[in-house]
Amino acid sequence: MKKCAKVWFFCNMTKYKGEKIKKVSPTIIYHLENQSYFHSSFVVFSVGYETLENFIYFCMSKNNKKMDSPFWQADIETMKESDLRKFQTEKLREAMSQASHAPFYKKLFKEKGISADTIQTCDDLSKLPFTMKDDLRSNYPYGMTAIPLQRCVRLHSSSGTTGNPTVVLHSQRDIDLWANQVARCMYMVGLRNTDVFQNTSGYGMFTGGLGFQYGAEKLGALTVPAAAGNSKRQIRFIMDFGTTALHIIPSYATRLAEVFHEMNIDPRTDTNLRVFCMGAEPHSEEQRRRVEQLLGVKAYNCFGMSEMNGPGVAFECTEQNGLHVWEDYVIPEIIDPDTLQPVPDGETGELVLTSLQREAMPLIRFRTHDLTRFLQGDCPCGRTHRRIDRLKGRSDDMIILKGVNIFPIQIETVLMSFKELGGEYLITLETVGNNDEMLIEVELSNLFTDDYSALEQLRKKIVRQLKDELLITPRLKLVSKGSLLVSEGKAVRVKDLRKY
Ligand code: ADP
Ligand code: ZN
C-alpha cells in the first residue's frame, strides 16, 4: 500500500525540480508497483534523474531491486543442509537425463548400464563414471552437446593452459543462470547496483570477460568493459569513471599497482577502488595481502573454469576464509587422484565437479585437476554452501625435483613475504651437468637499494627460507624491476628446460 501511494504521488506530479514532466501511463504504474526498488522518493533525487520519465526508464532497464539484505538469494544461500542435499539429488537426476542426450554420455551410460534412475540419493554420485578433460578434447567440438545446435547461443573455450583448448556450449537459459551465479558472488562481497565495475579480463573466448560482464549487468552495476592490457588506459578509466570494483587476475593486479606508482597516483587515496574480484590463476594469501595493501582494496578470491560456465563456481565471502562453492549449481567432491576415492574430510585432493543445471553441456564428475580441500565448520556469514580452501594449483603444476614435490605457490608464499621484492618471478628448471636444478629469478621492488652487500644479504635470507619450505636449495637471482617478461593473461611461472 505504501509503495502504491508513492507511485501515485509521483504519477500525479506534473512538475519535478521545476521542470514539466509527462503523465505516466497505467502500464508504467503497473510495472512500478511490481518492482521492489520503488521504496523511497529519495531514490529519484539521489540518482539525479531530471525527469520522472527518465527515472522510470532507468528503473525498468536496470536492476534496482532493494539491496539491503546481505544475500542475493537468501533462500538458496542459507538453505538447510538436508534441503540442499534433497535439491541436489533432484537436480542430479535431471542432469543425468539431460546428459544422456549428448552423444558422448549416451554411449557411456549405455556401456556402464546407468541412467537417471541410478541416482536415489546424493551418495549414488560415486556410482557414476568420471569425465576427463581429454573426453572434451576428443569430442571436440560438439560431441558433448545435449541440445540441438540451434538452441545454443554461445560457445566459449578454455584458455588452453595445459593443452588443446576445450569447447563449452551454452543455451540462453545457461547464460541467464550463469549471470545470476556471478551476480550472487559479486553481491556476496558487497557490490551493489551503485557500484562502477571495471572488467580487466580479455573479452574473447576466455570466460572471464563475458562471464563477469553479464553477471555485473544482472547485479545492476555500471559496467566498464575495459578488457585486458593497457594499464595507463585502465587507470584513466578508474579515475574518470570513479571505478569502485575491478575483476583482475592477481599477476596483473601487482603490475597495475606499479603503473599507479609510475604515474604518481596513490590508488589508496586518489581513487574510489574498494573491491577486487581476483582469480583465474593460483595465488598465495601473501600475494592477496600485498595487492590489498598496495591498492587499498579488499581482494576476494574467485574461482571458476570454462567447463563449469566460467567465473562464479566458488567465491570468497567477506570473511575471506575459503570459497563457497555454489552447491545448487554444482556438486563438489574431493578425491585422491591415484585411488579415485574421496579423501578423508579436510584433506587436500583433486576437485571433481558435476554441473546440476546446465542444459547445453552438462558434465558429470568432471575431473578439474585443481587441488584443494573442504574447510570444516560453519561460515559466520550464514551461507550453508560448503567452502573450499584457496586453490593450491593444478596437479599438473606440481614440480618434481630431486624426488621432492613442489608447488609454485609454495615459492610464491616465501617470495611475497619479502617487501623488498616485487610481484614478478620466474622458476626455471634446468639440467646442469648430471643434476636437475631450480633457478628462481625474482624482481626487486621499486623501493629497494642497489647496495651490493645489502642485496647479497637479502638473497641469502630468502634462499634460507626457500630451503626450509621446499627442502631443496634453489639458485636465486634478484633482478631489477621490469626485467622479467610479463605474459598477457594468465602468468607463466615455470619454464622446464630439463633434459630427460
Ligand atoms: P585453462 O584450464 O585452459 O586455464 P580456464 O580459463 O577455464 O582454462 O581456467 C580454469 C582454470 O584456471 C581452473 O581449472 C584453475 O586451474 C584456474 N583457476 C581459476 N580460478 C582460480 C583461482 N581463483 N585460484 C586458482 N586457480 C584458478
Ligand atoms: Zn561465508
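Residues numbered from 1 in each chain as written. Chains lettered and ligands numbered in written order. Predicted model: local features only at pLDDT ≥ 70, side-chain atom pairs only at ≥ 80, totals over all residues.

Visitor: How should I be thinking about the overall build of the protein chain in this particular structure?
Guide: Broken down by element type, the protein chain carries 16 helices and 22 strands. Taking all 500 residues of the protein chain together, 39% fall into the buried category. (Helix = DSSP H or I, 4+ residues; strand = E, 2+ residues; numbered from the N terminus. Buried ≥ 20, exposed ≤ 12 C-beta atoms within 10 Å, placed from the backbone.)

Visitor: Looking at this structure, I do not really get the sheet that holds strand 12 (residues 330-335). What am I missing?
Guide: By definition, the strands of a sheet pair up through backbone hydrogen bonds, in either a parallel or an antiparallel sense. Pairing is antiparallel in the open sheet, where four strands are placed in the order 12-13-14-16. Both edges of this open sheet fall to strand 12 and strand 16 (393-394), since each of them pairs with a single strand only. Relative to strand 13 (residues 349-355), strand 12 runs antiparallel, the two being bridged by six bridges. The partner of Val-330 across the bridge, within strand 13, is Ser-355. (Pairing = 2+ DSSP bridges.)

Visitor: Would you mind showing me how to read the pairing of strand 8 (residues 275-279) here?
Guide: For a regular strand, the rule is simple: side chains alternate between the two faces of the sheet. For strand 8, the tally of buried residues reaches five of five residues, placing the bulk of the element in the interior. Neither face of strand 8 is open: one carries Val-275, Cys-277 and Gly-279, the other Phe-276 and Met-278, and all of them are buried. Where strand 7 (residues 245-248) lies against strand 8, four bridges are found, and the strand directions are parallel. From the neighbouring strand, His-247 faces strand 8, where its bridge partner is Cys-277. Across five bridges, the pairing between strand 8 and strand 9 (residues 298-304) is parallel. When the bridges of strand 9 are listed, Gly-279 appears paired with Cys-302.

Visitor: Sorry, what's going on with the confidence of the model for the protein chain here?
Guide: The predicted model of the protein chain averages 89 in pLDDT, with 87% of residues at 70 or higher. Every residue in residues 35-48 scores below 50 in pLDDT, and together they form 19 contacts with partners more than four places removed in sequence or on other chains. (pLDDT = per-residue confidence, 0-100. Contact = placed C-beta atoms within 7 Å.)

Visitor: I keep staring at helix 16 (residues 452-470) and nothing clicks. Help me out?
Guide: The end-to-end C-alpha separation of helix 16 is 26 Å, in line with the 27 Å expected for 19 residues at 1.5 Å each. Within the span of helix 16, buried status applies to Ile-462, Leu-466 and Leu-470. Buried residues of helix 16, viewed axially, fall in a sector of 55 degrees; they line one side. Those residues of helix 16 that are exposed and angled more than 90 degrees off the buried face are Ser-453, Ala-454, Glu-456, Gln-457, Lys-460, Lys-461, Arg-464 and Asp-468. Among the structural elements, strand 18 (404-406), helix 15 (408-416) and strand 21 (475-479) are those in contact with the buried residues of helix 16. (Expected span 1.5 Å × (residues − 1). Arc of directions from axis to C-beta.)

Visitor: Any chance you could explain the nonpolar core here in plain terms?
Guide: For soluble globular proteins, nonpolar side chains are generally found buried alongside one another. Core analysis: the largest hydrophobic core is formed by 86 residues, its most contacted members being Met-186, Leu-191, Ala-253, Phe-276, Met-278, Tyr-300 and Val-330. Every residue in contact with Met-278, bar those within four places of it in the chain, is listed here: Ile-248, Pro-250, Ala-253, Arg-288, Val-291, Ala-299, Tyr-300, Asn-301 and Cys-302. One finds Met-416, Ile-427, Met-438 and Leu-470 within the second-largest nonpolar core, a separate group that totals 15 residues. (Core = buried A, V, L, I, M, F, W, Y, C linked by C-beta atoms within 7 Å.)

Visitor: Just checking my understanding: could you explain unusual backbone geometry for this structure?
Guide: Trans is the prevailing form of peptide bonds, just as negative phi is the prevailing case for residues other than glycine. Put simply, Tyr-140 and Pro-141 share a cis peptide bond, and its omega is -5 degrees. Note on placement: Pro-141 falls in the loop between helix 8 (133-138) and strand 3 (152-157). At Asn-264, a residue that is not glycine, the phi angle is positive and equals roughly 60 degrees. Within the secondary structure, Asn-264 is located in the loop between helix 12 (250-262) and helix 13 (267-270).

Visitor: When you look at the packing of helix 11 (residues 231-241) against helix 12 in this model, what are you seeing that I'm missing?
Guide: Two packed helices can be described by the angle between their axes and the distance between those axes. Remark: helix 11 packs on helix 12, axes separated minimally by 10 Å, with the N-to-C direction vectors making an angle of 75 degrees. The pairing of helix 11 with helix 12 is recorded here as roughly perpendicular in orientation. Residues Ser-231, Lys-232, Gln-234 and Ile-235 of helix 11 lie in contact with helix 12, whose contacting residues are Arg-255, Leu-256, Val-259 and Phe-260. Residue composition of the contact of helix 11 with helix 12, grouped by class: four nonpolar, two polar and two charged. (Axes fitted to C-alpha atoms, helices over the stretch in contact; angles between N-to-C directions. Parallel < 35°, antiparallel > 145°, perpendicular 65-115°, else oblique. Nonpolar A, V, L, I, M, F, W, Y, C, P; charged D, E, K, R; others polar.)

Visitor: Would you mind showing me how to read the environment of Pro-70 here?
Guide: Relative to the elements of secondary structure, Pro-70 occurs in the loop between helix 4 (52-61) and helix 5 (74-77). Along the sequence, Pro-70 and Cys-381 sit 311 residues apart, while their C-alpha atoms lie 8.8 Å from each other.

Visitor: How should I be thinking about the environment of Ser-355 in this particular structure?
Guide: Assignment of secondary structure puts Ser-355 in strand 13. Residues Ser-355 and Pro-332, spaced 23 residues apart in sequence, show a C-alpha to C-alpha distance of 9.1 Å. Residues within four places of Ser-355 in sequence aside, it is in contact with Ala-95, Met-308, Val-330, Pro-362 and Leu-363.

Visitor: Would you take a moment to explain the sheet that holds strand 11 (residues 323-325) for this structure?
Guide: The strand order across the open sheet built from eight strands is 6-5-7-8-9-10-11-15, with neighbouring strands paired in mixed fashion. On the outer flanks of this sheet lie strand 6 (222-224) and strand 15 (387-388), each paired with one strand and no other. Against the sheet, helix 9 (residues 172-188) touches strand 8, strand 9 and strand 10 (311-316), its axis set at about 20 degrees to strand 10. Seen against the sheet, helix 10 (residues 207-219) touches strand 5 (196-199), strand 6, strand 7 and strand 10 and runs at an angle of roughly 70 degrees to strand 10.

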